[in-house]
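An overview of the molecular structure
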Amino acid sequence: MYEEFSASRTRRTVTATARLMRALHLDGMLLSGLAVVGIFGLFVLYSAAGDNTALWFSQVARFGIGFAVMIAIAQVPDHFIRMASPIAYVLGLVLLLLVAVAGDVGKGAQRWLDIGIIRFQPSEIMKLAVPMMCAWYLHQRPLPPSLWNVVAVLAMILVPVLLIAEEPDLGTALLVAAAGLLVVVLGGLPWTYMLGGVVIAGAAVPLVWSMLHDYQRQRILTLLDPQSDALGAGYHIIQSQIAIGSGGVFGKGWTNGSQAQLEFLPERSTDFIFAVIGEELGLLGLIALLAGYMFIVGRGMYMSTQCRDAFTRLLSGSIALTFFVYVFVNAGMVTGLLPVVGVPLPLVSYGGTSLVTLMAGFGMLMSLYSSRKLLGS
Amino acid sequence: MRRVRIKDEYLEQRIFLQRSAVAAFIVLGVMLLLAGRAFWLQVLRHDHYAELSQGNRARIEPLPPNRGIIYDRAGRVIAENTPAYQLELVREQAGDLDTTLAELERFGLIEVDDLERVRQLVLSRRSFEAVPIRLQLDDELVARFAVHRHELPGVTLETRMARHYPFGAIGAHALGYVGTISEDDVTRLDKERYFGTGVVGKTGIERAYEDDLLGSSGYREVLVNAAGRSVELAEGKADQLRSRQPQAGRDLRLTLDIDLQRVAEEAMAGHRGAVVAIDPSNGDVLVLASLPSFDPNGFARGISRRDYLALTEDPDQPLFNRVLRGTYPPGSTIKPIMALAGLEYEVIRPQDSIYCAGQYYLPGSRHKYRDWKHEGHGTVDMHDAIMESCDVYFYRLANTLGIDRIHDIMTRIGFGAPTGIDIGGERGGIMPSPQWKKTAFSGHSQQVWFPGETVILGIGQGYWAATPLQLATATAVLATRGKHFRPRLVRAFVDPVTGAVDERAPWPLPAIVLKDQANWEVIVDAMVAVTSGARGTAVRASRGAAYSIAGKTGTAQVYSIGQTEKYDASQVAERLRDHALFVAFAPADAPKLVIAVLVENGGHGSSAAAPIARSIFDAYLARGTG
């Protein structure tokens, strides 16, 4: 009797939560995944931040803001998002041009725009505005896209990407390009075009090489042979691999990573925090984190397949896969598989802007998903 | 014709699903790639990276050993380690280095002459390393630094162990000194043993016993951050770091008697010269004095360029160890041994007498060999000849013995070769012979041995050159009636931890056994007469002694002044005066101490050298200790 009563109360609570979730247009599974990885990230950041507890609390606050933004955006109806897409894109372009003309210089790059109340990077807007624009454009056209449509979409992607790369911010440019291209690929970009693109890209390598900044070239060369410049550009890669490798299967223990705690590892709380996990929590920690990411990406992709129209499908699929690109570019860089590109580890690295953009994206994903369910209900 | 396409919702959804499936495979593949990369780094290559990580975080910091302490024979400390203040500079904290150095100079904390050297020293080290820029600061400098500390960023006052010689210049030539390791030293030293040690023994005992005194250095690993600075160790992690304790060097107990050394040096004050005192029963060197001396503390605290030049350019050559390296004609001090040779080879008997008219001619030669006493000594036998130091008697004896027999006995008693004392830098002097002449000269006419050269060896002149130490050891053989010991300065090693004393046995050399051992007494009696006989040459210096002294005076001629030596005109006359020599032992019948004294340009042995030996005998024998 008692047990039955208890069980039913549990069921009632679950249902109540589910109702609340639905009312707020949130996806419980995705939210749980984000929360678990986010808490794991805060746990790691506490160690990586060392004595700097202020940094940690500020990241906790940013998570709060990020979740708030996500919930807020999840309330926006999908058609509104679609309508807003070209506006967001144009606004982002204007801001990027403003940055090129009057932006603030920080760490040798002109990325910031100071609008009195806050400083922010317009390139962050483009991380969402570009896939929104691409999805919006393709939504109105039959798929798979015609060559002309593909060229038009590529132009929409390339203009902001070049502006961002010119700041220079290669990492963000790469992610913006990836977000846009993923929309086209999911939209049904013919394989032949893709092959042709790869050939053209291969041919363009010398041209791109000549356009790269010295530090960017150095990063690529360093990837090929880190020891060639062990105390310069290769230092990051060598130290991060030492950190990860010395962690072993079980790690040196939380807050006990000598590489990280003794500052051998550069950027330990931002771009190289993946190495801190590897050193302190070992292979098990890294696999747990990667599994968490897999869950988020997988859930996101599942949600996108449930969407009702091309715009929502393409945009949500792109958001889910771009998140995966984030993970791969950062983890690949830190483990020495990819060149050093300034991309933070999503949900874990310290840093406000990218976290908020990320959560906004997931908010959008939830909104698009819930619109489909609302239709069905 | 333009083909019009319309949106096909079903097709679009199928394409999307298809693409998503491909993407899912790619995602899975890439995730496995990342996990595989992590597996490669963390499992397959774990040992490699673990090693690198350990090397990254740990820096080895040296723990230099305490240098062995040196005691004199009575256990008085004559070389010790004392905490001393030194100035250290960390370049990266000093702001502008040149400005800081200029400030240090302005406050008198470093000297102008040393500015460049210090600057180079600091620049040669890493920017975060503390470089010692001035060792062993005295109280005044410490106080001065305290006043100006705030004006000198990056400069700190640290306490370190430093070598200190409490008796200063007394015994400096026996002790030697430690000095900063030079570039030359670096090539010959084992770097691991000197890890963290800044000084090395340069001369004397400090150098000869370097191996015992040094000990072995230890180290400890300290946790460092990427900038190379050490950081505090969190509790519970200390066991992860390795360390090795340093082993202090062995303490030395010397044969030297620092009180007696002081007596000798005070008696020699104002003179240049050498004094050696040996216990004939075992070769223990109780006094080893070369005057003028120098303060070894100057070297231990890092001698300034100016002070070093002052020492090397001093015409009195304070750094020159006259006891070991000064070679002088032994003069009449060898007459007793020459007489002994005559008896041993049976070319003369004690009672045989000759008539001395103040000059000697070789048969068939018109070259005149003069006696120091112009009018001659009259009829003298062996006893008189030694007592009065009759030259003619010994010219004749030398000629009768011949160079080969002289060379033989003099070599056996130690002339012409280093005595083998346990500190380095000793010279062997010259015991001439026809053989030696052949190798020493290149011209044929110079290689011929002339009979006249044998004659003057009879009075210790000619090519003969001996160190004061050789004179003392030869005299010790007379004192012990044939026993011969290698002179030594260290008689025991002491373990600094357990206090266990490792006594060294004396090092005997082949004894000299005469055909008739009674001949020793003939010679010793004559030497006693030198200090007590009616016409003895050292009677005045020995008057009133409570013990009998056996001695022999000597006067060595100075032929010319070395070309490298610089003297002003007023000094030349003084520098041309004869060297005064005196060798002696007492008590004559049971000798406890043998002394050799040399006073450069002192004139006569009787007046300049003998009184110095007397004051040492008095000081030593009055104690009644052995």
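Up top is the structure.
What comes next concerns the included structure. (Residues numbered from 1 in each chain as written. Chains lettered and ligands numbered in written order. Predicted model: local features only at pLDDT ≥ 70, side-chain atom pairs only at ≥ 80, totals over all residues.)

**Things to note about the interface of chain B and chain A**
Each side of the interface is counted separately: chain B has 37 residues, and chain A has 40 residues. For the side of chain B that touches chain A, the secondary structure elements donating two or more residues are α1 (9-44) and α2 (46-57) of chain B. The class makeup of the residues in the side of chain B that touches chain A is 22 nonpolar, seven polar and eight charged. (Contact = placed C-beta atoms within 7 Å. Helix = DSSP H or I, 4+ residues; strand = E, 2+ residues; numbered from the N terminus. Nonpolar A, V, L, I, M, F, W, Y, C, P; charged D, E, K, R; others polar.)

**Quick notes on the sheet that holds strand β21 (residues 550-556) of chain B**
Residues and elements named next belong to chain B. In spatial order, the strands read β12-β11-β23-β22-β21; together these five strands make up an open sheet with antiparallel pairing. In this open sheet, the two strands that pair with only one neighbour each are β12 (284-291) and β21. Direction aside, the axes of adjacent strands within the sheet are offset by 5 degrees on average. Pairing of β21 with strand β22 (residues 579-586) involves seven bridges; the strand directions are antiparallel. The partner of A550 across the bridge, within β22, is F585. Along the sheet, helix α10 (residues 258-267) contacts β11 (273-279) and β12; its crossing angle with β12, the most-contacted strand, is approximately 30 degrees. (Pairing = 2+ DSSP bridges. Axes fitted to C-alpha atoms, helices over the stretch in contact; angles between N-to-C directions.)

**Considerations on the nonpolar core**
By size, the foremost hydrophobic cluster in this structure holds 131 residues, and its most contacted members are V276(B), A277(B), V597(B), A609(B) and I616(B). Counting contributing residues, this core receives three or more from each of domain 1 (55-328 + 491-501) and domain 2 (331-414 + 430-464 + 514-584 + 600-621) of chain B. Among the nonpolar cores identified, the runner-up in size contains 117 residues, and F311(A), F323(A), V327(A) and L355(A) belong to it. (Core = buried A, V, L, I, M, F, W, Y, C linked by C-beta atoms within 7 Å. Buried ≥ 20, exposed ≤ 12 C-beta atoms within 10 Å, placed from the backbone. Domains from an automatic or database assignment.)

**Describing the environment of I406(B)**
Residue and element names in this part refer to chain B. If you trace the backbone, I406 turns up in helix α17 (residues 403-412). Separated by 51 residues in the primary sequence, I406 and L457 place their C-alpha atoms 8.5 Å from one another. Setting aside its immediate chain neighbours within four residues, I406 contacts A341, A398, L401, T454 and L457.

**Remarks on the environment of Y395(B)**
All names here are of chain B. Mapping Y395 onto the fold places it in helix α16 (residues 391-401). Along the primary structure Y395 and D371 are separated by 24 residues, whereas in three dimensions their C-alpha atoms are 9.2 Å apart. Setting aside its immediate chain neighbours within four residues, Y395 contacts Y360, Y369, V455, G458 and I459.

**Some words on the pairing of strand β23 (residues 593-599) of chain B**
All names here are of chain B. Within β23, seven of the seven residues are buried, leaving the element largely enclosed by the surrounding structure. Burial along β23 is two-sided: the residues L593, I595, V597 and V599 and V594, A596 and L598 are all buried. For β11 and β23, the ladder comprises six bridges, and the chain directions are antiparallel. Counted as the bridge partner of V275 is V597 from β23. Pairing analysis gives seven bridges linking β22 to β23, with the strands arranged antiparallel. The residue of β23 that forms the bridge with A584 is I595. Where β22 hands over to β23, the hairpin turn is made up of six residues, counted between the paired strands.

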